[in-house]
Amino acid sequence: MESSRIQKIAYFLITIVFGAILLKEGAFLIVPLVWGSFFAFALNPIANWFEVKRIPRGIAIAISILLVTMVAVGIFYLLVNQVIGLLDEIPQIQNTLEEKLKISITELNQLIGTDAIDLESLSLSNLLDIENINTTIFQTGKSLTLAGIIPLYTFLLIYYKDFFAEFILKLYADSNDAVLTWATDSGRVIQNYLSGMLKVTFIVSILSGLFFFLIGVEYFILFAAFIAIMNLIPYVGVFISSFFAVLYIFLTTDSITYPIISIGVLWGIQLLENNIITPLVVGSQVKVNALAVLLAILMGGWLWGISGMILFIPLVGVLKISLEKSSDMSAFAYLLGDDVPISEKNENYWKAFRRKIAKKKSNS
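All figures in this text were calculated on a predicted structure; none of them were measured in a lab.

*Asks:* What is the right way to look at the overall build of the protein in this model?
*Replies:* The secondary structure content of the protein amounts to 15 helices and 0 strands. Looking at the protein as a whole, 33% of its 364 residues qualify as buried. Put simply, the protein shows about 23,100 Å² of open surface, and 69% of that area lies on carbon and sulfur atoms.

*Asks:* Can you walk me through a nonpolar patch on the surface in this structure?
*Replies:* Residues Ile149, Leu152, Leu156, Tyr159, Tyr160, Phe163 and Phe164 make up a contiguous nonpolar surface patch of about 650 Å² in total accessible area. Of all the secondary-structure elements, those providing two or more residues to the nonpolar patch are α6 (150–159) and α7 (161–171).

*Asks:* Is there a simple way to explain the side chain of Thr201 in this structure?
*Replies:* With respect to the helices and strands, the residue Thr201 is situated in helix α8 (residues 176–214). Of the residues examined, Thr201 reaches a relative accessible area of 16% and is grouped as buried.

*Asks:* Which parts of the structure should I look at to understand helix α10 (residues 237–252)?
*Replies:* When the terminal C-alpha atoms of α10 are compared, their 23 Å separation across 16 residues agrees well with the 22 Å that a helix rising 1.5 Å per residue should span. Along α10, the residues that are buried comprise Gly237, Val238, Ser241, Ser242, Ala245, Val246, Tyr248, Ile249 and Leu251.

*Asks:* I tried to follow the packing of aromatic side chains on my own but got confused; where do I start?
*Replies:* Aromatic ring pairs are described here by two measures, namely the spacing of the ring centres and the angle between the planes. For the coordinates displayed, the defined rule picks out 15 aromatic pairs. Taking 5.6 Å as the distance between ring centres and 50° as the angle between the ring planes, the aromatic pair formed by Phe211 and Phe212 counts as tilted. For the pair Phe211 and Phe212, one class covers both residues: buried. Aromatic side chains Phe223 and Tyr248 sit 4.9 Å apart centroid to centroid with 35° between the ring planes, which places their arrangement in the tilted category. You can see Phe223 sitting in helix α9 (residues 220–230) and its partner Tyr248 sitting in helix α10, a full 25 residues away along the chain. The buried category is assigned to Phe223, whose relative accessible area is 8%.

*Asks:* Would you mind showing me how to read helix α3 (residues 57–88) here?
*Replies:* Since there are 3.6 residues in each turn of an α-helix, residues three or four apart along the chain are aligned in direction. A rise of 1.5 Å per residue sets the reference length of α3, with its 32 residues, at 46 Å; its end C-alpha atoms lie 46 Å apart and thus fit the reference within 8%. Listing the buried residues of α3 in full gives Gly58, Ala60, Ile61, Ser64, Ile65, Leu79, Gln82, Gly85 and Leu86.

*Asks:* So what exactly am I meant to see when it comes to the side chain of Gln270 here?
*Replies:* Within the element layout of this structure, Gln270 appears in helix α11 (residues 257–281). In contact with Gln270, not counting residues within four places along its chain, are Asn231 and Val238.

*Asks:* Looking at this model, I keep getting lost on the confidence of the model for the protein. Mind explaining?
*Replies:* Note: predicted coordinates in regions of low pLDDT should not be interpreted at a detailed level. Looking at the protein as a whole, the pLDDT averages 76, with 75% of positions reaching at least 70. No element of the protein has a lower mean pLDDT than helix α5 (residues 130–147), at 55, and none a higher one than α6, at 90.

*Asks:* Help me understand the packing of helix α2 (residues 27–52) against α6 in this model?
*Replies:* Packed helices, taken two at a time, are described by the angle between their axes plus the distance between the axes. Running from amino to carboxyl end, α2 crosses α6 at an angle of 55°, the nearest separation of the two axes being 7 Å. Comparing their axes, α6 and α2 come out oblique. Once α2 is placed against α6, the crossing between them reads as right-handed. Facing Leu29, Pro32, Leu33, Trp35, Gly36, Ser37, Phe39, Ala40, Leu43, Asn44 and Ala47 of α2, the residues of α6 in contact are Ile150, Tyr153, Thr154, Leu157 and Ile158.

*Asks:* Is there a simple way to explain the nonpolar core in this structure?
*Replies:* Note that soluble globular proteins tend to have their nonpolar side chains buried in a common cluster. With 29 residues, the main nonpolar core has Trp35, Ile233, Ile297, Trp304 and Leu311 as its most contacted residues. For this core, the secondary structure elements donating two or more residues are α2, α8, α12 (290–304), α13 (306–324) and α14 (330–336). The greatest single-element share of this core, amounting to 8 residues, is contributed by α13. The next biggest cluster of nonpolar side chains, apart from the first, holds 22 residues, and it includes Val200, Val204, Tyr219 and Leu251.

*Asks:* Could you clarify how one ought to interpret the pattern of salt bridges in this entry?
*Replies:* Side-chain pairs of opposite charge can arise where the charged atoms are in close proximity. What the rule picks out here adds up to 4 salt bridges. In this structure, Arg57 and Asp162 form a salt bridge, with 3.0 Å as the shortest nitrogen-oxygen distance. Here Arg57, found in helix α3, pairs with Asp162, found in helix α7; they are 105 residues apart in sequence, far enough to count as distant. By relative accessible area, which is 47% here, Asp162 ends up partly exposed. In this structure, a network of salt bridges that share partners links the residues Glu51, Arg57, Lys161 and Asp162.

*Asks:* What is the right way to read the packing of α3 against α9 from this model?
*Replies:* As a packed pair, α3 and α9 sit with axes 8 Å apart at the nearest point and diverge in direction by 110°. As the angle between them shows, α3 and α9 are arranged roughly perpendicular. Helix-helix and strand crossings are classified by hand; for α3 and α9 the assignment is left-handed. In contact with Leu79, Gln82, Val83 and Leu86 of α3, α9 contributes Phe220, Ile221, Leu222 and Ala225. Of the residues that constitute the contact of α3 with α9, the class distribution is 7 nonpolar, 1 polar and no charged.

*Asks:* Please clarify how empty space enclosed by the protein should be interpreted in this entry.
*Replies:* A probe as big as a water molecule, rolled over the atoms, marks out the empty space that is left. Within this structure, the stated rule accounts for 1 cavity of 30 Å³ or more. In this structure, the largest cavity occupies an estimated 50 Å³ of space. Considering the residues around the largest cavity, the lining is formed by Val204, Ile227, Asn231, Val238, Ser242, Leu266, Ile269 and Gln270. Only α10 and α11 provide two or more residues apiece to the lining of the largest cavity. The leading source of residues in the lining of the largest cavity is α11, at 3 residues.

Rules and cut-offs
- Residues numbered from 1 in each chain as written.
- Predicted model: local features only at pLDDT ≥ 70, side-chain atom pairs only at ≥ 80, totals over all residues.
- Heavy atoms only, no water.
- Helix = DSSP H or I, 4+ residues; strand = E, 2+ residues; numbered from the N terminus.
- Buried < 20%, exposed > 50% of the residue type's maximum accessible area, 1.4 Å probe, protein only.
- Areas by Shrake-Rupley, 256 points an atom, 1.4 Å probe, with all protein chains shown as cover.
- Patch = residues over 30% accessible without salt bridge, like charges linked within 9 Å, V, L, I, M, F, W, Y side chains within 5 Å.
- Salt bridge = Lys/Arg side-chain N within 4 Å of Asp/Glu carboxyl O.
- Expected span 1.5 Å × (residues − 1).
- Phe/Tyr/Trp six-rings, centres within 6.5 Å; stacked < 30°, edge-to-face > 60°.
- Contact = heavy atoms within 4.5 Å.
- pLDDT = per-residue confidence, 0-100.
- Axes fitted to C-alpha atoms, helices over the stretch in contact; angles between N-to-C directions.
- Parallel < 35°, antiparallel > 145°, perpendicular 65-115°, else oblique.
- Left-handed = near helix turned anticlockwise from the far one by under 90°.
- Core = buried A, V, L, I, M, F, W, Y, C linked by side-chain atoms within 4.5 Å.
- Nonpolar A, V, L, I, M, F, W, Y, C, P; charged D, E, K, R; others polar.
- 1 Å grid on protein atoms, 1.4 Å probe; cavity = no way out; pocket = protein on both sides within 12 Å on 5 of 7 lines; lining within 4 Å.
- Points joined across faces, edges and corners; volume = space filled by probe spheres on them.

In structure tokens form, the structure reads like this:
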């Protein structure tokens, strides 16, 4: 009995190790396929709507992808123009940053009473070096070129959805009902997550963009989009995006008031998004606890970079659904979930508020 249990654990660990190697080494092929699968789930309702209007499936899918692509290209065009303008200002920004740091360090040395930091060794030439920026842009271009195959994956996955459904039914002929339930639940998780996060991203970009516009930030659209997109990476993204936005405001204004206000406003937007916007818009569709989310982010970042940090969260939600369907693995599904037993008297205001919202959303 004990040896059998050890054998199962060994098989499980071996599967994890080889699975991680496969995911990391095959990222070039797997990442676009996973993105394509997610977009296929997201665009499937639109394509279905066109199909109901008696439009052939291929044309319906093409129209759906074209509409989304046109919106994406329009946004990308605006962002590229702002990026080009920002790149032109980089030499001036670098000089301003060095001057302000030297002034601050001089004042610090005077306060301490010793030359704790050598001003001669202070150089930021590598921080905003044009060659490094060009390398980053080149790598981004490679990623965009690779992303060009995602629409093709999306088209084919939607076009052959009935074919794949029939394949799954044939593969699991003895448990069709369970497989159909799993596929339906998984699809609902992915669709709700994608549509919900898209709405949250739009709301966050509007709020942050409006703030940047009101305080006179020249490239407010770029920074608003940057903060909204990085917000897709929970816990980590908001700190990275806020740092660069506040740094730019600090370097382009003569008063320390604007950077301090910016920190407060961006932090307020983050609190608003976490405690009100996301629970209202997304609800508890993914239903994964914070520890599992954090581990998913770290694992995804190690395996697939930024794409993994975004994709692994709904993938963990799908994994949780799959584990719930198995009586032997249901305990692990509970371990991933956020259904933490807590007495009413120990529940703080925000948890009670979010629980009530989630309950109303699930009942509607």
